[in-house]
Protein chains: 2
Amino acid sequence: MRLTQFTDLSLRVLMRLAVEKGDLPTTRDVAAAMAVSYAHTAKAVAKLQHLGLVETRRGRGGGLELTATGRRASIGALVRELEGAGDVVDCDGAVPCPLRAACRLRGALRQAQEAFFASLDPLTLADLVEAPTGPLLVALSLAPGAD
Amino acid sequence: MRLTQFTDLSLRVLMRLAVEKGDLPTTRDVAAAMAVSYAHTAKAVAKLQHLGLVETRRGRGGGLELTATGRRASIGALVRELEGAGDVVDCDGAVPCPLRAACRLRGALRQAQEAFFASLDPLTLADLVEAPTGPLLVALSLAPGAD
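Structure report, in brief.

The rules behind the values
Residues numbered from 1 in each chain as written. Chains lettered and ligands numbered in written order. Predicted model: local features only at pLDDT ≥ 70, side-chain atom pairs only at ≥ 80, totals over all residues. Heavy atoms only, no water. Helix = DSSP H or I, 4+ residues; strand = E, 2+ residues; numbered from the N terminus. Axes fitted to C-alpha atoms, helices over the stretch in contact; angles between N-to-C directions. Parallel < 35°, antiparallel > 145°, perpendicular 65-115°, else oblique. Left-handed = near helix turned anticlockwise from the far one by under 90°. Contact = heavy atoms within 4.5 Å. Buried area = accessible area lost by both parts, 1.4 Å probe. Salt bridge = Lys/Arg side-chain N within 4 Å of Asp/Glu carboxyl O. Polar contact = N/O pair within 3.5 Å; in protein donor to acceptor, adjacent residues only side chain to side chain. Disulfide = S-S within 2.5 Å. Buried < 20%, exposed > 50% of the residue type's maximum accessible area, 1.4 Å probe, protein only.

**Let's talk about unusual backbone geometry**
Residues and elements named next belong to chain A.
And then number 1: A cis amide bond, omega 5 degrees, links Ala-131 with the succeeding residue Pro-132.
And then number 2: Position of Pro-132 among the secondary structure elements: in the loop between helix 7 (125-128) and helix 8 (133-142).
And then number 3: The backbone phi angle of Ala-35 is positive, close to 55 degrees, even though this residue is not glycine.
And then number 4: Following the sequence through the fold, Ala-35 ends up in the loop between helix 2 (27-34) and helix 3 (38-50).

Structure (structure tokens):
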């Protein structure tokens, strides 16, 4: 069972921004701290801006910043949004499954997917960056080569 | 969020076998009824035999048959087995995630994955082939070209 790399990276970008106390990081800084490509990180940042979770502050000391909405957002709601509403199996692919119109497996898997999201619903970024994760994120951001 | 095609197909093979009342179907019959390739179906059948859920009866009227274990198996346990114990994101890929040793996101996603499986735990094949799914499976098996 897999989430997309895009969801994974988007969550890590948000976690990185949630620990920032000083100068705001750029997309390049965040990519370096997370050991991922600039291009992938830029795409995630664009999506997060579009969702109103991240904004860019311009000028000296400027960079990426969580919005109040981003800080309060439910991780379950975020993952629902980033993963989309599709089924966990491909019922309607190039050769559609002949069972798809009357499938109890499909219903059971949808309920299970909802249980997955519901488990993440009570969490916010603050929960994900509690120690030891938050201090590690700060250390990675300060490491040589991270900016 | 996606399950592997292998898990999806394996579950559908089991559902097809769960409605059989007459001559046992061959792997080729099951593949035709499900509109999937013989090769993929044969791999799923081999895995299900290895797990003790399906057996082959030889001779006239022979074919694939659910074992008593297969009939009683929990769908949650089956999906756990077929999907494996890996994370829902790739923490240990070619460039491992620098957070992996101290990551609250990883813990939260593992709990969510467990909630997914737990939602399927109370179900057996009998639940998945209740109407309207079971009668549709029977109809597909009898359709011209399905055997």
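That was the structure; now back to the text.
**Quick word on the packing of helix 2 (residues 27-34) of chain B against helix 3 (residues 38-50) of chain B**
All names here are of chain B.
And then number 1: The interhelical angle for the contact between helix 2 and helix 3, taken along N-to-C directions, is 120 degrees, at an axis separation of 9 Å. With respect to helix 3, the axis of helix 2 lies oblique. Here the hand of the crossing between helix 2 and helix 3 comes out right-handed. The residues of helix 3 that touch helix 2, namely those facing Thr-27, Arg-28, Val-30 and Ala-31, are Tyr-38, Thr-41, Ala-42 and Val-45.

**A look at the interface of chain B and chain A**
And then number 1: Counting residues at the interface gives 42 residues for chain B, matched by 42 residues for chain A.
And then number 2: In total, chain B and chain A occlude about 4100 Å² of area from one another, counting both sides; carbon and sulfur atoms represent 70% of this.
And then number 3: By the criterion of area lost to chain A, the three top residues of chain B are Met-1, Leu-99 and Arg-104 of chain B, representing 20% of everything that side buries.
And then number 4: Connecting chain B to chain A are zero salt bridges.
And then number 5: Inspection of the chain B/chain A interface yields 15 residue pairs in polar contact (both at pLDDT 80 or more).
And then number 6: Residue assignment for the side of chain B that touches chain A shows that the elements contributing at least two residues are helix 1 (5-18), helix 2, helix 6 (104-120), helix 7 (125-128) and helix 8 (133-142) of chain B.
And then number 7: The leading source of residues in the side of chain B that touches chain A is helix 6 of chain B, at 11 residues.

**Details of the state of the cysteines**
And then number 1: A complete count under the given rule lists zero disulfides over all chains for this structure.
And then number 2: Between Cys-103 of chain A, a free cysteine, and Cys-97 of chain A, which holds the nearest cysteine sulfur, the sulfur-to-sulfur gap is 5.9 Å.
And then number 3: The buried category is assigned to Cys-103 of chain A, whose relative accessible area is 17%.
And then number 4: Cysteine Cys-91 of chain B shares no disulfide, and the gap to the nearest cysteine sulfur, in Cys-97 of chain B, comes to 6.3 Å.

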